[in-house]
Amino acid sequence: MTQAELLRYITKAHSPVATIAVSSGKGGVGKTTMAVAISNFLAEVGHRVCLIDGDLGLANVDIMLGLSSKLNLYHLAKGEATLDDVLVKVKDNFYVLPGGSGIRELMNMDRSMRERLVLELIKLDGKVDYIIADTAAGISDEVLLFCVSCQDVLVVVTPEPTSVTDAYALLKILYKDYSKKEVKVLLNRVEGSEDTAVLSHLELVAGKFLGGMRLIKVGEIPKSDVFPRLLREQSLVALEGVKNAFMPLVEKLVDPKVFRKDERGLSRLAIGFLRFRGVSAGLG
Ligand SMILES: Nc1ncnc2c1ncn2[C@@H]1O[C@H](COP(=O)(O)OP(=O)(O)O)[C@@H](O)[C@H]1O
Ligand SMILES: [Mg+2]
């Protein structure tokens, strides 16, 4: 297949899908927890969700959900598995696509491996309404791949000052190097009304130094023992205890004025996987 044929094939994918990278800069702020909970509640109200596990960290999606998948994106790239082999069903409407070593290896993959990968990924066309990518901490290429290739970036911030500093570092690179003009922000582990002040601080700094960037607050999740339980029990049952806290966020997620389902959402993500070369080279 020539490059032009491949691009034509990819851009034939046209079912509207929202693509959201969950990121933060700092580790341990609740990205994976939030990505799992959001996927769960979206699925519960009837939306088809594919959660991409883009982190090789300790408490990753697999562990939180008690999944033991052997196959991941790397096997797609090697031609050793198909999308159906790799997707793991968590419950109705909720599937996980394990990234495994495939995410880290992507930067080293040759063209034919990337091609095989995207030809499998594109099979998601028409099968999902939301693709949610849980990213690693930091501002490495593996993180930026998703932030740049997804339509939306959902930045998770907690009231700790270091969380705000690290979120700012991520915003700065997205704004300056990738011309992202807008991010959504989710405030996690809120204990009191004064905790929301961190967001005003982030807005202030971004307003001053990242002039054109818009920060849109989409939710506030309280600190709760339910979340560590989710990790311990490896079962979504625990999340029932925080359902009410997530419903306003789910309403935002399904509001097309806030998170847009884009006909080019999937092809854009696939082109990201095909072309992303890392911080120095960008998406060219
Ligand atoms: N709102 C919250 N309240 C209490 N604990 C939380 C909350 N959100 C996340 N946690 C806990 O914080 C820890 C880190 O969460 P995790 O989702 O793994 O973060 P990340 O993916 O950003 O590294 C986990 O033990 C998780 O249970
Ligand atoms: Mg994580």
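Calculation rules
Residues numbered from 1 in each chain as written. Chains lettered and ligands numbered in written order. Predicted model: local features only at pLDDT ≥ 70, side-chain atom pairs only at ≥ 80, totals over all residues. Helix = DSSP H or I, 4+ residues; strand = E, 2+ residues; numbered from the N terminus. Rg over C-alpha atoms; globule rule 2.2 N^0.38 Å. Buried ≥ 20, exposed ≤ 12 C-beta atoms within 10 Å, placed from the backbone. Near = placed C-beta within 6 Å. Nonpolar A, V, L, I, M, F, W, Y, C, P; charged D, E, K, R; others polar. Axes fitted to C-alpha atoms, helices over the stretch in contact; angles between N-to-C directions. Parallel < 35°, antiparallel > 145°, perpendicular 65-115°, else oblique. Contact = placed C-beta atoms within 7 Å. Expected span 1.5 Å × (residues − 1). Pairing = 2+ DSSP bridges. Core = buried A, V, L, I, M, F, W, Y, C linked by C-beta atoms within 7 Å.

### Some thoughts on the overall build of the protein chain
- For the protein chain, the helix and strand inventory stands at 13 helices and eight strands.
- Relative to the globule expectation of 19 Å for 284 residues, the C-alpha radius of gyration of the protein chain, 18 Å, shows essentially globular dimensions.
- The principal-axis extents of the C-alpha atoms in the protein chain amount to approximately 55 × 45 × 35 Å.
- Expressed as a percentage of the 284 residues in the protein chain, the buried residues total 46%.

### Overview of the site of ligand 1
- Within the structure, ligand 1 sits among 18 residues, and Gly30, Lys31, Thr32, Thr33 and Phe227 are positioned closest to it.
- At the level of secondary structure, the elements contributing two or more residues to the shell around ligand 1 comprise helix H2 (31–44), strand S7 (182–190) and helix H11 (226–233).
- Class assignment of the residues belonging to the shell around ligand 1 gives a composition of seven nonpolar, eight polar and three charged.

### Digging into the packing of H2 against helix H12 (residues 243–253)
- One can describe the packing of H2 onto H12 by two numbers: an axis separation of 10 Å at closest approach and a directional angle of 75 degrees. For the element pair H2 / H12, the angle class is roughly perpendicular. Residue-level contacts link Ala37, Ile38, Phe41 and Leu42 of H2 to Lys243, Phe246, Leu249, Val250 and Leu253 of H12.
- Of the residues that constitute the contact of H2 with H12, the class distribution is eight nonpolar, no polar and one charged.

### Structural notes on the environment of glycine 207
- Assignment of secondary structure puts glycine 207 in helix H10 (residues 197–209).
- Considering only alpha carbons, one finds glycine 207 and alanine 43, 164 residues apart in sequence, at a separation of 35 Å.

### Section: H2
- Here H2 contains 14 residues, and its C-alpha end-to-end distance of 20 Å stays within 8% of the 20 Å for a straight helix at 1.5 Å per residue.
- Most of H2 is tucked away, with 13 of its 14 residues classed as buried.
- Phi turns positive one or two residues past the end of H2, at glycine 46, with a value near 100 degrees.

### Remarks on the sheet that holds strand S8 (residues 214–222)
- Sheet architecture is open: eight strands sit in the order S3-S4-S2-S5-S1-S6-S7-S8, paired in mixed fashion. Where the open sheet ends on each side, the last strands, each with one partner, are strand S3 (88–91) and S8. Each adjacent strand pair in this sheet contributes to an overall mean axis angle of 25 degrees, direction not counted.
- In this sheet, strand S5 (residues 130–135) lies alongside strand S1 (residues 18–23) in parallel orientation, the contact comprising five bridges. Bridge assignment links isoleucine 20 to a residue of S5, and that residue is isoleucine 132.
- Taken strand by strand, helix H8 (residues 141–149) contacts S1, strand S2 (49–54), S5 and strand S6 (152–157), and its axis lies near 150 degrees from that of S1.
- Helix H9 (residues 161–178) rests against S1, S6 and S7 of the sheet, and its axis sits at about 160 degrees to S6.

### Points about the nonpolar core
- The biggest cluster of nonpolar side chains holds 87 residues, and the ones touching the most others in it are Val49 and Ile132.
- Filtering out sequence-adjacent residues up to four positions away, isoleucine 132 remains in contact with Ile20, Val22, Ala35, Ile38, Ser39, Val49 and Leu51.

### Some remarks on the pairing of strand S4 (residues 94–98)
- The buried fraction of S4 amounts to five of the five residues, a majority that puts the element mostly inside the structure.
- Side-chain alternation along S4 places Phe94, Val96 and Pro98 on one buried face and Tyr95 and Leu97 on a second face that is also buried.
- One ladder, built from five bridges, connects S2 with S4; its direction is parallel. What sits directly across from isoleucine 52, in S4, is leucine 97.
- Judged from the three bridges that link them, S3 and S4 form a sheet pairing that is antiparallel. Each residue of the ladder has a partner; that of lysine 91, found in S4, is phenylalanine 94.

### Remarks on the pairing of S1
- Counted residue by residue, S1 has six buried out of six residues, so it is predominantly covered.
- Taking every second residue as pointing to the same face, both faces of S1 are buried, with Ala18, Ile20 and Val22 on one and Thr19, Ala21 and Ser23 on the other.
- In terms of strand pairing, S1 meets S6 through four bridges, oriented parallel. Paired with valine 22 across the strands is leucine 154, a residue of S6.

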